[in-house]
Amino acid sequence: MDTLQLYCHVPFCRNKCAYCAFYSLPGADRAQRRRYLDHLAEELAGAAPEPAASLYFGGGTPSLLEPDELAELFDLFSRYTSLLPGAEISMELNPETLTAEKIALIRRHVTRVSLGVQSFDPALRRTLGRDCSQAALDRALSLIRDAAFPHFNCDLIYAIPGQTAAGFAADLERAVAAGADHLSCYALTPEEGTRLAAAGTVPDEDFATDCWLMAGRILAGHGIRRYEISNYARPDCECQHNLAVWRGSRLAGFGPAAASYDGNLRYTRPESLSRWLAGDAPEQDWLEPAARRREIAAVNLRTTAGWLRQDFLQLPGAVEAEWDDLLRRTADLPPEWFDRHDGGLRLTDSGLLFWDTVAAAVL
Ligand code: SF4
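Colleague: Hey, could you go over helix H3 (residues 100-109) for me, with residue numbers and the actual values?
Modeller: Within H3, burial applies to Lys 102, Ile 103, Leu 105 and Ile 106. The arc enclosing the buried residues of H3, seen along the axis, measures out at 165°, which places them on a common side. Pointing more than 90 degrees away from the buried face of H3 are the exposed residues Ala 100, Glu 101 and Arg 108. Contacts made by the buried residues of H3 are with helix H2 (67-80), strand S5 (83-93), strand S6 (112-118) and helix H5 (134-147).

Colleague: How would you sum up the nonpolar core? Please name residues and give values.
Modeller: Counting residues in hydrophobic clusters, the biggest one holds 102 residues, and the most contacted among them are Leu 40, Leu 73, Leu 115 and Leu 183. Both domains that furnish three or more residues to this core are identified here as domain 1 (4-244) and domain 2 (288-363). Within the second largest apolar cluster, 10 residues are counted, among which are Cys 17, Ala 18, Leu 124 and Ile 157.

Colleague: Could you give me a rundown of unusual backbone geometry, with the residues and numbers involved?
Modeller: Geometrically, the link from Gly 59 to Gly 60 is a cis peptide bond, its omega value of 20° lying close to zero. Unusually for a residue other than glycine, Gln 118 sits at a positive phi of about 70°. Here Gln 118 lies in strand S6. Of the residues examined, Gln 118 reaches a relative accessible area of 7% and is grouped as buried. Even without a glycine there, the phi angle at Ala 159 is positive, about 65°. Within the fold, Ala 159 resides in the loop between strand S7 (151-158) and helix H6 (165-177). Its relative accessible area of 3% is what places Ala 159 among the buried residues.

Colleague: Talk me through the packing of H6 against helix H8 (residues 205-220); I want residue IDs and the actual numbers.
Modeller: If you want to describe how two helices pack, look at the angle between their axes and the distance between the axes. The N-to-C vectors of H6 and H8 enclose an angle of 35°; their axes lie 10 Å apart at closest approach. Both H6 and H8 take part in a crossing whose hand is right-handed. Facing H6, whose interface residues are Ala 165, Phe 168, Ala 169, Leu 172, Glu 173 and Val 176, H8 presents Phe 207, Cys 211, Met 214, Ala 215, Ile 218 and Leu 219. Here the contact of H6 with H8 is built from residues that sort into 11 nonpolar, no polar and one charged.

Conventions adopted
- Every chain begins its residue count from 1, and numbering advances along the sequence as written.
- Given that this is a predicted model, residues contribute local features only at a pLDDT of at least 70 and side-chain atom pairs are listed and counted only at 80 or more, while totals for whole chains, interfaces and linings are drawn from all residues.
- Excluded from the side-chain calculations are hydrogens and water; all other atoms, namely the structure's heavy atoms, are used.
- Per-residue accessibility, obtained with a 1.4 Å probe over protein chains only, is compared with the maximum for each type, and a residue is labelled buried under 20%, exposed over 50%, and partly exposed between these values.
- Secondary structure elements are taken from DSSP: a helix is a run of H or I of four residues or more, a strand is a run of E of two residues or more, and numbering for both begins at the N terminus.
- In this description, one arc is meant: the one made by directions from the helix axis to the C-beta atoms.
- Every residue pair with non-hydrogen atoms within 4.5 Å of one another is taken to be in contact.
- In this text, buried Ala, Val, Leu, Ile, Met, Phe, Trp, Tyr and Cys residues form a nonpolar core when linked through side-chain atoms within 4.5 Å.
- All the domain ranges listed were derived from an automatic or database domain assignment.
- A fitted line through C-alpha atoms represents every axis, and for helices the fit uses only the stretch in contact; the resulting angles, taken between N-to-C directions, go from 0 to 180 degrees.
- In this scheme the crossing of two helices becomes right-handed for a clockwise turn of the near helix relative to the far one and left-handed for an anticlockwise turn of less than a right angle.
- Under this grouping Gly is polar, as are all residues other than the nonpolar Ala, Val, Leu, Ile, Met, Phe, Trp, Tyr, Cys and Pro and the charged Asp, Glu, Lys and Arg.

Right, dumping it as C-alpha coordinates:
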(Lines give C-alpha, C1' and ligand atoms only; values in the text may rest on other atoms or scores of the structure.)
Protein backbone atom coordinates (compact mmCIF):
# COMPACT_ATOMS: atom_id res chain seq x y z
CA MET A 1 0.00 0.00 0.00
CA ASP A 2 1.35 3.44 -0.90
CA THR A 3 1.74 5.49 2.25
CA LEU A 4 2.57 9.13 2.82
CA GLN A 5 5.93 10.19 4.29
CA LEU A 6 6.52 13.54 6.00
CA TYR A 7 9.69 15.62 5.85
CA CYS A 8 10.58 18.82 7.71
CA HIS A 9 13.57 20.93 6.67
CA VAL A 10 15.20 22.91 9.49
CA PRO A 11 17.57 25.16 7.56
CA PHE A 12 19.86 26.49 10.32
CA CYS A 13 23.50 25.52 10.93
CA ARG A 14 26.26 26.87 13.17
CA ASN A 15 28.63 27.23 10.21
CA LYS A 16 28.72 26.20 6.58
CA CYS A 17 30.77 23.02 6.01
CA ALA A 18 33.21 23.29 3.09
CA TYR A 19 31.55 20.47 1.11
CA CYS A 20 27.90 21.31 1.78
CA ALA A 21 25.50 22.01 -1.07
CA PHE A 22 22.31 21.65 1.00
CA TYR A 23 20.16 24.67 1.68
CA SER A 24 21.36 25.83 5.09
CA LEU A 25 21.82 29.16 6.82
CA PRO A 26 24.84 29.60 9.09
CA GLY A 27 24.56 31.81 12.12
CA ALA A 28 20.77 32.32 12.27
CA ASP A 29 19.58 34.17 15.36
CA ARG A 30 16.62 33.55 17.64
CA ALA A 31 14.43 36.06 15.80
CA GLN A 32 14.91 34.21 12.49
CA ARG A 33 14.12 30.90 14.15
CA ARG A 34 10.97 32.48 15.64
CA ARG A 35 9.80 33.53 12.17
CA TYR A 36 10.64 30.05 10.86
CA LEU A 37 8.51 28.31 13.52
CA ASP A 38 5.61 30.74 13.04
CA HIS A 39 5.55 30.19 9.27
CA LEU A 40 5.98 26.43 9.67
CA ALA A 41 2.86 26.45 11.89
CA GLU A 42 0.92 28.23 9.11
CA GLU A 43 2.20 25.80 6.49
CA LEU A 44 1.26 22.75 8.58
CA ALA A 45 -2.14 24.18 9.55
CA GLY A 46 -3.00 24.61 5.88
CA ALA A 47 -1.81 21.15 4.81
CA ALA A 48 -3.89 18.65 6.83
CA PRO A 49 -1.98 15.62 5.52
CA GLU A 50 -3.35 12.09 5.90
CA PRO A 51 -1.73 9.84 8.59
CA ALA A 52 1.88 9.21 7.57
CA ALA A 53 4.20 6.22 7.85
CA SER A 54 7.29 8.27 8.69
CA LEU A 55 8.43 11.72 9.71
CA TYR A 56 11.97 12.93 9.03
CA PHE A 57 13.49 16.10 10.51
CA GLY A 58 16.46 16.99 8.31
CA GLY A 59 18.45 20.04 7.45
CA GLY A 60 20.42 22.04 8.08
CA THR A 61 20.76 21.04 11.70
CA PRO A 62 17.47 20.39 13.52
CA SER A 63 19.36 19.90 16.79
CA LEU A 64 20.60 23.51 16.60
CA LEU A 65 17.15 24.61 17.84
CA GLU A 66 17.07 25.50 21.54
CA PRO A 67 15.09 23.13 23.82
CA ASP A 68 11.97 25.37 23.87
CA GLU A 69 12.11 25.64 20.06
CA LEU A 70 12.55 21.89 19.65
CA ALA A 71 9.58 21.30 21.96
CA GLU A 72 7.55 23.70 19.83
CA LEU A 73 8.62 21.89 16.63
CA PHE A 74 7.48 18.53 18.01
CA ASP A 75 4.28 20.10 19.27
CA LEU A 76 3.48 21.57 15.82
CA PHE A 77 3.79 18.19 14.16
CA SER A 78 1.69 16.41 16.78
CA ARG A 79 -0.97 19.15 16.50
CA TYR A 80 -1.23 19.30 12.70
CA THR A 81 -0.14 15.85 11.48
CA SER A 82 -0.76 12.26 12.52
CA LEU A 83 1.26 9.11 12.13
CA LEU A 84 0.36 5.51 11.45
CA PRO A 85 1.08 2.98 14.23
CA GLY A 86 4.77 2.05 14.31
CA ALA A 87 5.81 5.12 12.30
CA GLU A 88 9.51 5.92 12.16
CA ILE A 89 10.47 9.42 13.37
CA SER A 90 14.02 10.48 12.51
CA MET A 91 16.08 13.52 13.36
CA GLU A 92 19.49 14.66 12.11
CA LEU A 93 21.89 15.78 14.84
CA ASN A 94 25.15 17.68 14.82
CA PRO A 95 27.52 16.87 17.74
CA GLU A 96 28.35 20.49 18.59
CA THR A 97 24.71 21.36 19.20
CA LEU A 98 23.81 18.56 21.62
CA THR A 99 23.17 18.87 25.34
CA ALA A 100 21.73 16.39 27.84
CA GLU A 101 18.51 18.45 27.96
CA LYS A 102 18.06 18.35 24.17
CA ILE A 103 18.81 14.63 23.94
CA ALA A 104 16.25 13.85 26.67
CA LEU A 105 13.64 15.87 24.76
CA ILE A 106 14.51 14.32 21.39
CA ARG A 107 14.44 10.83 22.93
CA ARG A 108 10.80 11.37 23.95
CA HIS A 109 9.77 12.23 20.38
CA VAL A 110 11.90 10.33 17.86
CA THR A 111 12.68 6.69 17.15
CA ARG A 112 15.85 7.23 15.16
CA VAL A 113 18.72 9.71 15.30
CA SER A 114 21.31 10.38 12.65
CA LEU A 115 24.60 11.88 13.81
CA GLY A 116 26.80 13.78 11.35
CA VAL A 117 30.25 12.53 12.33
CA GLN A 118 31.83 12.49 8.81
CA SER A 119 35.20 11.47 10.25
CA PHE A 120 36.54 10.59 13.69
CA ASP A 121 39.87 12.19 12.66
CA PRO A 122 39.93 15.88 13.73
CA ALA A 123 42.38 16.80 10.93
CA LEU A 124 40.02 15.39 8.30
CA ARG A 125 37.05 17.18 9.86
CA ARG A 126 39.06 20.38 9.50
CA THR A 127 39.67 19.57 5.82
CA LEU A 128 35.89 19.24 5.47
CA GLY A 129 35.43 22.59 7.21
CA ARG A 130 33.42 20.70 9.78
CA ASP A 131 33.00 22.64 12.98
CA CYS A 132 33.22 19.89 15.60
CA SER A 133 35.72 19.43 18.43
CA GLN A 134 36.75 15.98 19.65
CA ALA A 135 35.25 16.74 23.06
CA ALA A 136 31.88 17.60 21.48
CA LEU A 137 31.92 14.43 19.39
CA ASP A 138 32.77 12.22 22.38
CA ARG A 139 30.06 13.92 24.47
CA ALA A 140 27.47 13.47 21.70
CA LEU A 141 28.28 9.78 21.33
CA SER A 142 27.99 9.19 25.04
CA LEU A 143 24.68 11.12 25.28
CA ILE A 144 23.26 9.08 22.40
CA ARG A 145 24.48 5.81 23.87
CA ASP A 146 23.00 6.59 27.30
CA ALA A 147 19.66 7.61 25.76
CA ALA A 148 19.40 4.19 24.02
CA PHE A 149 17.51 5.35 20.94
CA PRO A 150 15.81 2.48 19.10
CA HIS A 151 17.90 3.31 16.01
CA PHE A 152 21.11 5.26 15.55
CA ASN A 153 22.75 6.20 12.24
CA CYS A 154 26.25 7.53 11.86
CA ASP A 155 27.16 9.58 8.74
CA LEU A 156 30.69 9.14 7.40
CA ILE A 157 32.52 10.61 4.41
CA TYR A 158 35.37 8.90 2.56
CA ALA A 159 37.95 9.84 -0.07
CA ILE A 160 38.78 13.00 1.90
CA PRO A 161 42.19 14.40 0.84
CA GLY A 162 44.74 13.13 3.36
CA GLN A 163 42.64 10.13 4.41
CA THR A 164 44.21 6.67 4.32
CA ALA A 165 42.56 3.26 3.90
CA ALA A 166 43.53 2.42 7.49
CA GLY A 167 42.02 5.72 8.65
CA PHE A 168 38.68 5.03 6.96
CA ALA A 169 38.67 1.46 8.30
CA ALA A 170 39.19 2.90 11.78
CA ASP A 171 36.26 5.31 11.23
CA LEU A 172 33.98 2.39 10.32
CA GLU A 173 35.08 0.43 13.39
CA ARG A 174 34.56 3.42 15.68
CA ALA A 175 31.04 4.02 14.36
CA VAL A 176 30.15 0.38 14.99
CA ALA A 177 31.75 0.47 18.45
CA ALA A 178 29.70 3.60 19.23
CA GLY A 179 26.54 1.51 18.75
CA ALA A 180 25.39 2.62 15.28
CA ASP A 181 22.97 0.11 13.77
CA HIS A 182 22.99 2.07 10.49
CA LEU A 183 25.76 3.87 8.60
CA SER A 184 25.52 6.27 5.68
CA CYS A 185 28.91 6.44 3.95
CA TYR A 186 29.31 8.89 1.08
CA ALA A 187 32.30 9.59 -1.13
CA LEU A 188 33.37 13.22 -0.87
CA THR A 189 31.84 15.02 -3.85
CA PRO A 190 32.75 18.70 -4.00
CA GLU A 191 29.53 20.12 -5.47
CA GLU A 192 29.61 23.31 -7.46
CA GLY A 193 29.35 26.38 -5.26
CA THR A 194 31.03 24.79 -2.22
CA ARG A 195 34.33 25.95 -0.72
CA LEU A 196 35.99 22.63 -1.54
CA ALA A 197 34.98 22.93 -5.20
CA ALA A 198 36.26 26.51 -5.30
CA ALA A 199 39.58 25.28 -3.88
CA GLY A 200 39.81 22.77 -6.76
CA THR A 201 39.61 19.69 -4.50
CA VAL A 202 39.35 16.54 -6.60
CA PRO A 203 38.94 13.30 -4.63
CA ASP A 204 40.85 10.23 -5.83
CA GLU A 205 38.26 8.03 -7.59
CA ASP A 206 40.26 4.80 -7.26
CA PHE A 207 40.65 5.40 -3.52
CA ALA A 208 36.92 6.13 -3.30
CA THR A 209 36.16 2.76 -4.93
CA ASP A 210 38.57 1.02 -2.52
CA CYS A 211 36.79 2.68 0.43
CA TRP A 212 33.36 1.64 -0.90
CA LEU A 213 34.48 -1.98 -1.22
CA MET A 214 36.10 -1.84 2.22
CA ALA A 215 32.92 -0.44 3.82
CA GLY A 216 30.92 -3.37 2.46
CA ARG A 217 33.48 -5.88 3.70
CA ILE A 218 34.13 -4.45 7.17
CA LEU A 219 30.50 -3.71 8.00
CA ALA A 220 29.34 -7.13 6.76
CA GLY A 221 31.81 -8.60 9.28
CA HIS A 222 29.73 -6.86 11.97
CA GLY A 223 26.38 -8.05 10.55
CA ILE A 224 25.70 -4.62 8.98
CA ARG A 225 24.78 -5.09 5.31
CA ARG A 226 24.75 -2.67 2.41
CA TYR A 227 21.11 -2.15 1.39
CA GLU A 228 21.64 0.89 -0.82
CA ILE A 229 24.76 2.17 -2.58
CA SER A 230 25.71 4.38 0.36
CA ASN A 231 23.65 2.93 3.21
CA TYR A 232 24.28 0.00 5.54
CA ALA A 233 22.15 -1.44 8.32
CA ARG A 234 21.68 -4.32 10.69
CA PRO A 235 18.64 -6.46 9.78
CA ASP A 236 15.39 -4.50 10.28
CA CYS A 237 17.30 -1.28 10.98
CA GLU A 238 17.06 0.21 7.46
CA CYS A 239 15.73 3.77 7.25
CA GLN A 240 12.06 3.21 6.43
CA HIS A 241 11.54 6.81 5.36
CA ASN A 242 14.28 6.68 2.74
CA LEU A 243 13.29 3.22 1.50
CA ALA A 244 9.76 4.47 0.92
CA VAL A 245 10.89 7.65 -0.84
CA TRP A 246 13.31 5.77 -3.10
CA ARG A 247 10.43 3.47 -4.06
CA GLY A 248 8.29 6.40 -5.19
CA SER A 249 6.16 6.88 -2.08
CA ARG A 250 4.26 10.15 -1.72
CA LEU A 251 6.09 12.77 0.32
CA ALA A 252 4.85 15.95 1.99
CA GLY A 253 7.72 18.32 2.74
CA PHE A 254 7.59 21.37 5.02
CA GLY A 255 10.05 24.21 5.50
CA PRO A 256 12.26 26.03 2.98
CA ALA A 257 13.81 23.82 0.27
CA ALA A 258 11.65 20.84 1.32
CA ALA A 259 10.71 18.54 -1.56
CA SER A 260 7.28 16.92 -1.96
CA TYR A 261 5.82 14.33 -4.31
CA ASP A 262 2.08 13.76 -4.68
CA GLY A 263 2.35 10.62 -6.82
CA ASN A 264 2.33 12.72 -9.96
CA LEU A 265 4.06 16.04 -9.46
CA ARG A 266 7.30 16.72 -7.61
CA TYR A 267 7.73 20.19 -6.15
CA THR A 268 10.23 22.01 -3.98
CA ARG A 269 9.49 24.87 -1.61
CA PRO A 270 11.65 28.01 -2.10
CA GLU A 271 15.33 27.52 -1.34
CA SER A 272 15.44 30.81 0.50
CA LEU A 273 14.17 31.55 4.00
CA SER A 274 12.98 35.02 3.01
CA ARG A 275 11.10 33.81 -0.10
CA TRP A 276 9.63 30.93 1.87
CA LEU A 277 8.52 33.32 4.66
CA ALA A 278 6.99 35.57 1.99
CA GLY A 279 4.86 32.62 0.84
CA ASP A 280 6.41 32.17 -2.63
CA ALA A 281 5.00 29.19 -4.50
CA PRO A 282 6.94 25.91 -4.68
CA GLU A 283 8.85 25.17 -7.86
CA GLN A 284 7.22 22.38 -9.85
CA ASP A 285 9.12 19.63 -11.61
CA TRP A 286 6.74 18.13 -14.16
CA LEU A 287 7.62 14.89 -15.87
CA GLU A 288 5.45 12.85 -18.18
CA PRO A 289 4.10 9.95 -15.97
CA ALA A 290 5.98 7.10 -17.72
CA ALA A 291 9.24 9.10 -17.47
CA ARG A 292 8.53 9.70 -13.76
CA ARG A 293 8.13 5.93 -13.26
CA ARG A 294 11.46 5.33 -15.06
CA GLU A 295 13.06 7.91 -12.74
CA ILE A 296 11.67 6.07 -9.70
CA ALA A 297 12.84 2.77 -11.21
CA ALA A 298 16.38 4.13 -11.60
CA VAL A 299 16.53 5.59 -8.08
CA ASN A 300 15.30 2.39 -6.46
CA LEU A 301 17.91 0.36 -8.37
CA ARG A 302 20.37 1.96 -5.93
CA THR A 303 18.92 -0.41 -3.32
CA THR A 304 20.07 -4.01 -3.18
CA ALA A 305 16.41 -5.12 -3.10
CA GLY A 306 15.87 -3.47 -6.49
CA TRP A 307 12.60 -4.37 -8.16
CA LEU A 308 10.32 -7.35 -8.38
CA ARG A 309 8.03 -7.12 -11.38
CA GLN A 310 4.91 -7.11 -9.18
CA ASP A 311 6.32 -4.25 -7.06
CA PHE A 312 7.10 -2.12 -10.10
CA LEU A 313 3.54 -2.72 -11.34
CA GLN A 314 2.23 -1.31 -8.03
CA LEU A 315 3.46 2.16 -9.05
CA PRO A 316 0.38 4.23 -9.92
CA GLY A 317 -0.27 3.96 -13.67
CA ALA A 318 2.48 1.38 -14.32
CA VAL A 319 1.71 -1.18 -17.05
CA GLU A 320 3.30 -4.46 -18.09
CA ALA A 321 4.85 -2.89 -21.22
CA GLU A 322 6.85 -0.47 -19.04
CA TRP A 323 8.37 -3.33 -17.05
CA ASP A 324 9.33 -5.03 -20.33
CA ASP A 325 10.80 -1.72 -21.49
CA LEU A 326 12.87 -1.50 -18.29
CA LEU A 327 14.28 -4.98 -18.93
CA ARG A 328 14.98 -4.05 -22.58
CA ARG A 329 16.78 -0.83 -21.62
CA THR A 330 19.16 -2.77 -19.37
CA ALA A 331 19.55 -5.85 -21.62
CA ASP A 332 22.72 -4.69 -23.41
CA LEU A 333 24.60 -3.79 -20.22
CA PRO A 334 27.11 -6.31 -18.77
CA PRO A 335 25.12 -9.29 -17.39
CA GLU A 336 27.28 -9.45 -14.26
CA TRP A 337 25.87 -6.09 -13.18
CA PHE A 338 22.41 -7.63 -12.68
CA ASP A 339 20.64 -10.23 -10.62
CA ARG A 340 17.47 -11.10 -12.51
CA HIS A 341 16.32 -13.99 -10.28
CA ASP A 342 12.63 -14.42 -9.40
CA GLY A 343 11.55 -12.20 -12.27
CA GLY A 344 13.25 -9.24 -10.60
CA LEU A 345 15.83 -6.63 -11.51
CA ARG A 346 18.54 -5.83 -8.98
CA LEU A 347 22.10 -4.58 -9.24
CA THR A 348 24.94 -6.79 -8.01
CA ASP A 349 27.88 -5.18 -6.17
CA SER A 350 29.68 -4.69 -9.50
CA GLY A 351 26.51 -3.19 -10.97
CA LEU A 352 26.07 -0.78 -8.05
CA LEU A 353 29.52 0.63 -8.85
CA PHE A 354 28.15 1.53 -12.31
CA TRP A 355 24.75 2.75 -11.18
CA ASP A 356 25.20 6.02 -13.13
CA THR A 357 25.49 4.06 -16.40
CA VAL A 358 22.49 1.90 -15.50
CA ALA A 359 20.43 4.98 -14.60
CA ALA A 360 21.32 6.66 -17.91
CA ALA A 361 20.08 3.55 -19.77
CA VAL A 362 16.85 3.42 -17.73
CA LEU A 363 16.03 7.12 -18.04
S1 SF4 B 1 25.93 20.69 9.22
FE2 SF4 B 1 25.09 19.59 7.42
S3 SF4 B 1 23.62 20.98 6.47
FE4 SF4 B 1 24.87 22.21 7.90
S5 SF4 B 1 26.50 23.06 6.63
FE6 SF4 B 1 27.30 21.16 7.50
S7 SF4 B 1 26.81 19.54 5.98
FE8 SF4 B 1 25.57 21.37 5.49
